[in-house]
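# Coordinate inspection notes
If you want the building blocks of each chain, they are given just below.
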2 protein chains.
Amino acid sequence: MIKCHLSKLMGEKKLKIVDVARETGVNRGTVTRLYHETASRVELETIEALCRYLGCDVGDLFEFVDEQ
Amino acid sequence: MIKCHLSKLMGEKKLKIVDVARETGVNRGTVTRLYHETASRVELETIEALCRYLGCDVGDLFEFVDEQ
DNA sequence: GCATAATGATCTTCAGGAGGACATTTTGAA
DNA sequence: TTCAAAATGTCCTCCTGAAGATCATTATGC
């Protein structure tokens, strides 16, 4: 599965969902879905905005977890 | 921007688009879009299949390139 | 206690990926 | 070189889910 670490990254910086949505321009519903890992599709634009805002790379945000 | 290194990864292994599509179960059109970097949205399921098949992590497949 | 902010949940709209079909190009064997 | 099969590019339709807005509920702090 692909694990999204947005909640962890946000937690480390004590960020709120509204903060991330407001500062990145990404829709709040989208941030919420990624935060709770209920998203199954992502816009590359969204990934870019989050990486830029969080100062991280794609690999920090998403991780491939092999669970055969 | 978010750069997709699928073409590079495929080139290193001398893989064809059909190979990747057939082996991963991902639609050929989707592989083509990622190969030519014309995709703007990705299914997490697709990323998972590609990572598993290529034996790489998400960060190897997608890279955040800051170009302010 | 109350006002404000934050979050969760739901609905509609719509862009674009998924999947399939067809045309064209490339490849390789005869 | 010729021809058939494979690979790729392109176009079309369908359908999912992000985007955006709104409302109800919960949390925060003054």
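Above: the structure in question.
Being a predicted model, the structure only gives us computed values, none of them experimental.

Our next topic: the relation of the copies chain A and chain B. Taken as rigid bodies, chain A and chain B are interconverted by a rotation of 180° and an axial shift of 0.0 Å, the fit giving an RMSD of 0.0 Å. On this basis, the relationship between the two copies can be described by a two-fold rotation axis. Across chain A, the smallest distance between a C-alpha and the rotation axis is recorded for A:Gly59, namely 1.9 Å. A high fraction, 100%, of the interface residues of chain A reappear at the interface in chain B, so the copies pair face to face through one surface.

Below, the discussion takes up the interface of chain A and chain B. Listed per partner, the contact involves 22 residues of chain A and 22 residues of chain B. Counting the surface chain A buries against chain B, the share from its top three residues, A:Ile2, A:Leu44 and A:Phe64, is 31%. Put simply, chain A and chain B have 4 salt bridges between them. For B:Glu43, the salt bridge identified is with A:Arg41, shortest N-O distance 2.9 Å. Linking chain A to chain B there are 11 residue pairs in polar contact (both at pLDDT 80 or more). Residue assignment for the side of chain A that touches chain B shows that the elements contributing at least two residues are strand S2 (41-43), helix H4 (44-54), helix H5 (58-61) and strand S3 (62-64) of chain A. Of all the elements, H4(A) adds the most residues to the side of chain A that touches chain B, at 5 residues. Tallied by class, the residues present in the side of chain A that touches chain B amount to 11 nonpolar, 3 polar and 8 charged. Relative to strand S2 (residues 41-43) of chain B, S2(A) runs antiparallel, the two sharing 3 bridges. Residue pairing across strands places A:Arg41 opposite B:Glu43, the latter belonging to S2(B).

One finds A:Phe62 and B:Phe62 to be the most contacted residues of the largest nonpolar core, which totals 46 residues. Apart from the residues within four sequence positions on either side, B:Phe62 is in contact with A:Leu44, A:Val58, B:Ile2, B:Lys3, B:Cys4, B:Leu34, B:Val42 and B:Ile47.

Let us now look at the environment of B:Glu67. By the element assignment, B:Glu67 lies in the segment after strand S3 (62-64). The sequence separation of B:Glu67 and B:Leu9 amounts to 58 residues, and the corresponding C-alpha distance is 23 Å. With residues up to four places along the chain from it excluded, the contact list for B:Glu67 reads A:Arg52 and B:Met1.

The rules behind the values
- Residues numbered from 1 in each chain as written.
- Chains lettered and ligands numbered in written order.
- Predicted model: local features only at pLDDT ≥ 70, side-chain atom pairs only at ≥ 80, totals over all residues.
- Heavy atoms only, no water.
- Least-squares fit on C-alpha atoms with pLDDT ≥ 70 in both.
- Contact = heavy atoms within 4.5 Å.
- Buried area = accessible area lost by both parts, 1.4 Å probe.
- Salt bridge = Lys/Arg side-chain N within 4 Å of Asp/Glu carboxyl O.
- Polar contact = N/O pair within 3.5 Å; in protein donor to acceptor, adjacent residues only side chain to side chain.
- Helix = DSSP H or I, 4+ residues; strand = E, 2+ residues; numbered from the N terminus.
- Nonpolar A, V, L, I, M, F, W, Y, C, P; charged D, E, K, R; others polar.
- Pairing = 2+ DSSP bridges.
- Core = buried A, V, L, I, M, F, W, Y, C linked by side-chain atoms within 4.5 Å.
- Buried < 20%, exposed > 50% of the residue type's maximum accessible area, 1.4 Å probe, protein only.

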